[in-house]
Amino acid sequence: MKTTLLFTDDNRLAKRPVSYKEIDEKALHAVVQSAVNVELFTIPLYMTSLYSLHGMHEINSKDSNFYEGRTWPGMAASAHPKNANENAFNAVFSVFVAEMLHLQIISNLAKVVGYDPKFTCEPLQDEKTYAWKCYAPDATVLPAILDFNDTVAPYNKIKVKLGPMDVEQCNLFLAIEQTEKDAEKIIDPSKMDKYNEKAPYNNWKEGEPLPYFGSIGNMYLQLWNYLSIEYADGTTLWDIVFKKGLEKAKAASTKAGSNEAVKTALQKEVFNPGRLDPTQKSSDEYPLMPTSIEHTESEKALLDVLNMINGITDQGEGGGVINEILARVSKSRMLKTQLTLTSVKDQFRPSCPVLRNKYPSYSATGQQVESAKAEARGFFGSKDHYETFAYVLELINSKEIYTWDQWHADGNKWSAELLETVGYDPKRYPNLPLSGDIAQALNNLKLNDTDGKNYDLFSRTSTGAIAGVTRVLNDFFQNPKTAFPYPSMGGSGDRMSICWAIFGKIPNIALGVIPPGEAPLDRSQHLYHACQGLNLDEQIKHDPASCAQVQLFHTCKGSNECKGEGGCGFVQSTGGGGGCGAATSYTFLQAKGDKVSPYSPPSDNACGSLGGCAVPISASQMYPSIPAPNEYKMQLNDFGPAPKYQPSPFAIVDYAKGELVYDVAWNAYAEVLKKRGVKVPEKPKPSDLRLAFPPST
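Residues numbered from 1 in each chain as written. Predicted model: local features only at pLDDT ≥ 70, side-chain atom pairs only at ≥ 80, totals over all residues. Heavy atoms only, no water.

**A look at the nonpolar core**
Grouped together as the largest cluster of nonpolar side chains are 150 residues, with contacts concentrated most on Trp224, Leu227 and Trp238. For this core, the leading source of residues is helix α2 (residues 84–112), giving 17 residues. In this structure, Cys531, Tyr655, Ala665 and Leu673 belong to the second largest nonpolar core, which totals 21 residues. (Core = buried A, V, L, I, M, F, W, Y, C linked by side-chain atoms within 4.5 Å. Buried < 20%, exposed > 50% of the residue type's maximum accessible area, 1.4 Å probe, protein only. Helix = DSSP H or I, 4+ residues; strand = E, 2+ residues; numbered from the N terminus.)

**Quick notes on the packing of aromatic side chains**
The tally for this structure, following the rule as stated, stands at 30 aromatic pairs. On the basis of an interplanar angle of 70° and a centroid distance of 5.4 Å, the ring pair of Tyr632 and Tyr655 is categorised as edge-to-face. On the criterion of sequence distance, the pair formed by Tyr632 in the loop between α16 (586–592) and β7 (633–639) and Tyr655 in the loop between β8 (647–654) and α17 (661–676) is long-range, its members being 23 residues apart. Residue classification places Tyr632 among the partly exposed positions, given a relative accessible area of 23%. On the basis of relative accessibility, which here comes to 4%, the residue Tyr655 falls in the buried class. Among the aromatic side chains, those forming a connected cluster through ring pairs are Tyr51, Phe89, Phe93 and Phe96. Taking NZ or CZ as reference, Lys268 lies 3.9 Å from the ring centre of Phe476, over its face. Directly above the ring of Phe693 sits Arg495, whose terminal nitrogen or CZ lies 4.0 Å from the centroid. (Phe/Tyr/Trp six-rings, centres within 6.5 Å; stacked < 30°, edge-to-face > 60°. Lys NZ or Arg CZ within 6 Å of the ring centre and 35° of its normal.)

**Section: the layout of surface pockets**
Counted as a void, the second largest pocket has a volume near 600 Å³. As for the second largest pocket, its lining consists of 23 residues, of which Ser34, Asn37, Glu122, Pro123 and Pro209 are closest to the centre. It is helix α1 (residues 21–50) that provides the largest number of residues to the lining of the second largest pocket, a total of 6 residues. (1 Å grid on protein atoms, 1.4 Å probe; cavity = no way out; pocket = protein on both sides within 12 Å on 5 of 7 lines; lining within 4 Å. Points joined across faces, edges and corners; volume = space filled by probe spheres on them.)

**Brief notes about the state of the cysteines**
Tallied over the full model, the rule gives 0 disulfides. Cysteine Cys499 shares no disulfide, and the gap to the nearest cysteine sulfur, in Cys547, comes to 16 Å. We classify Cys499 as buried; its relative accessible area is 0%. Note on Cys531: no disulfide assigned, nearest cysteine sulfur contributed by Cys547 at a separation of 4.1 Å. Here Cys531 falls in the buried class, since its relative accessible area comes to 0%. (Disulfide = S-S within 2.5 Å.)

**Here we look at the pairing of β7**
The two faces of the sheet receive side chains in turn, since in a regular strand these alternate between them. Of all 7 residues in β7, 6 are buried; the element is thus mostly enclosed. As defined by bridge partners, β7 adjoins β8 across 7 bridges and the pair is classed as antiparallel. Pairing of Met634 across the sheet is with Val653, part of β8. (Pairing = 2+ DSSP bridges.)

**Considering the side chain of His57**
If you trace the backbone, His57 turns up in strand β1 (residues 56–57). Setting aside residues up to four positions removed in sequence, His57 forms contacts with Thr71, Trp72, Pro73, Gly74, Met75, Ala76 and Asp494. (Contact = heavy atoms within 4.5 Å.)

**Description of helix α5 (residues 216–228)**
Spanning 13 residues, α5 covers 19 Å between terminal C-alpha atoms, matching the ideal 18 Å at 1.5 Å per step. Burial within α5 is extensive, with 13 of its 13 residues counted as buried. (Expected span 1.5 Å × (residues − 1).)

**Focus on the environment of Tyr46**
Relative to the helices and strands, Tyr46 resides in helix α1. Excluding anything up to four places from it in sequence, Tyr46 contacts Val92, Val95, Glu99, Phe173, Ile176, Glu177 and Phe389. Engagement of the side chain of Tyr46 in a polar contact is seen with the side chain of Glu177, the distance being 2.7 Å. (Polar contact = N/O pair within 3.5 Å; in protein donor to acceptor, adjacent residues only side chain to side chain.)

**Comments concerning the confidence of the model for the protein**
When the pLDDT values of the protein are averaged, the result is 88; 91% of them are 70 or greater. Segment residues 577–590 is flagged for pLDDT under 50; beyond a separation of four residues in sequence, or across chains, it makes 40 contacts in the model. (pLDDT = per-residue confidence, 0-100.)

**What about helix α10 (residues 372–380)?**
Within α10, the full set of buried residues consists of Ala372, Ala374, Ala376, Arg377, Gly378 and Phe380. The inward-facing, buried residues of α10 abut α2, α9 (352–358), β5 (361–362) and α11 (385–397). Two or three places before Ala374, at the opening of α10, Ser371 has a side-chain oxygen 3.1 Å from that residue's backbone nitrogen.

**Topic: empty space enclosed by the protein**
Take a probe with the size of a water molecule and roll it over the atoms, and the empty space left behind shows itself. Counting across every chain of the model gives 9 cavities of 30 Å³ or more. Considering only enclosed or pocket space, the largest cavity measures out at about 170 Å³ in volume. Lining the largest cavity we find 15 residues, and of these Gln315, Phe348, Phe380, Gly381 and Lys383 sit closest to its centre. Broken down by secondary-structure element, the contributors of at least two residues to the lining of the largest cavity are α2, α10 and α11. Of the residues assigned to the lining of the largest cavity, the class counts are 5 nonpolar, 5 polar and 5 charged. The space that makes up the second largest cavity amounts to roughly 90 Å³. Of all the secondary-structure elements, those providing two or more residues to the lining of the second largest cavity are α1, α2, α14 (453–476) and α15 (486–503). A breakdown of the residues in the lining of the second largest cavity according to their chemical character gives 11 nonpolar, 2 polar and no charged. (Nonpolar A, V, L, I, M, F, W, Y, C, P; charged D, E, K, R; others polar.)

Structure, rendered in structure tokens:
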């Protein structure tokens, strides 16, 4: 059936020679990857400023009072914001989550047109070190969109850099989120030719940069131009790529040994699981907004694509591009009345009842309270991104915003009192570090940093935490079984917050995870370890109390790649069966109520994804309770020689609720050494690094 949603009024798009099919498909994929880059580009940029806001947060979980009376540096969403910082955090947090939604949408669109999106590639990142190259004090380019050197004053002074939540950063955010009509107005007329080129780009060659789009809205318009190309044989590029997307999905399913019939290109859902599984409909955060393509028929799938682009642009990027697309389609069909999409602004707002159910908040004693994330996203979900950043700019201009760099500039230092709230009682869990010890560690890391190595470490840690998301996303949109790295999203914020709070400086994610002069990881030669002193590799000779290499720092079980690298110790079944293809978190066990013990010890795990998250292990990390009939038992492993380091189970040991995870890890390490006939060294005291890092939740 001939599609009625593509452009047919443009002679440039009609009766194109079939010899262009291959290069046009590659160009379309380049446009789609550019869209992935644009959505991904905003996430670390907004996060860095978001976590510059001065404030503290509790670490609470259901039915637990582990951290009652304790608080950690860094803000979190507030159910009842009381000041400018809390309102600003809620506002920008809502935008940050929406950008993740947009990244999912464009990635699903990529799969439908037969392309595997990439999340760790140029021009955003160095593909080996994961360093973010697109941000710098003198950078002027919004990737694929605009060079601020080509704009009129005052926009030509804007830099694409990381920074605290201040006027300069807000002006950058507003420039990113403006509509395509406003974006056109700021381009220097003498340089407009760089931004006027329309698809198809006849002189473009694979591997070359695409012409600048000028605005995010125009990027999606040019994408629609490519889909609309009709060749001399009567096929459209949409026909070609839609078919290939389905063929790739079928081939991948066959390779994986699945017997299920594949009807659509692979789609992944974080926000609206009910679109792919009707039994999950009640968990859809945007019940009126398409976030993936579920239709198998070409025309209906194309309407899904159009609605998805409408959702992205309505929420803050591109404004009226959908109206322009529909106007041109209406003209193509010679309609007297312009086509419209049956949508209103409320369509693109998240459902607050669903958010409250999916993202509950808890008090310091483990009782459920009003959902902070639901409040933040629900309230600001009615505003587009431009409106949201304009609101934050008003707060900044009113001098009400206070950031960590300002806190440090005012001469502040950490004290025990700053880390305590009502109910603090060190006797409740005497194994936990004292608040005074944590405060001293926070101060030490700054005071003892005359050579800048501590700041360098925390910056690379932030880079690695983000890589814990992006590296998993590379597989997430190719493998139906790969789970979304939820823990790493929260962990990335923790890592950025603690860097701001300790140093009062931007986490410099332009630094990669590999420090200068340090060899890349080679797991065929070494059995790397997860934390302080837990070295089981006899070939690695260094300070016995040293911590894991920064390349191993991560915040998600999905990025825990190999043996011996398990981190915080959330209980993981040695039999697998959960997220990331193998591991099972205790929350999953609570839901199932199955007996799956024994568990995998932190840093003595048998293989990838059977460890916990968060390397290094926070000195405050404790084991939670596990519901019956599960048992508190750990399976110990020794490891054979290189290059396979084959794990060999040899004993079962007990552990208990409330034990420090590092203590359990050390006990496991000691038992392995005893089996090898090696003297067990003295357990090191918690390093300042481990004291400073907050526990995972």
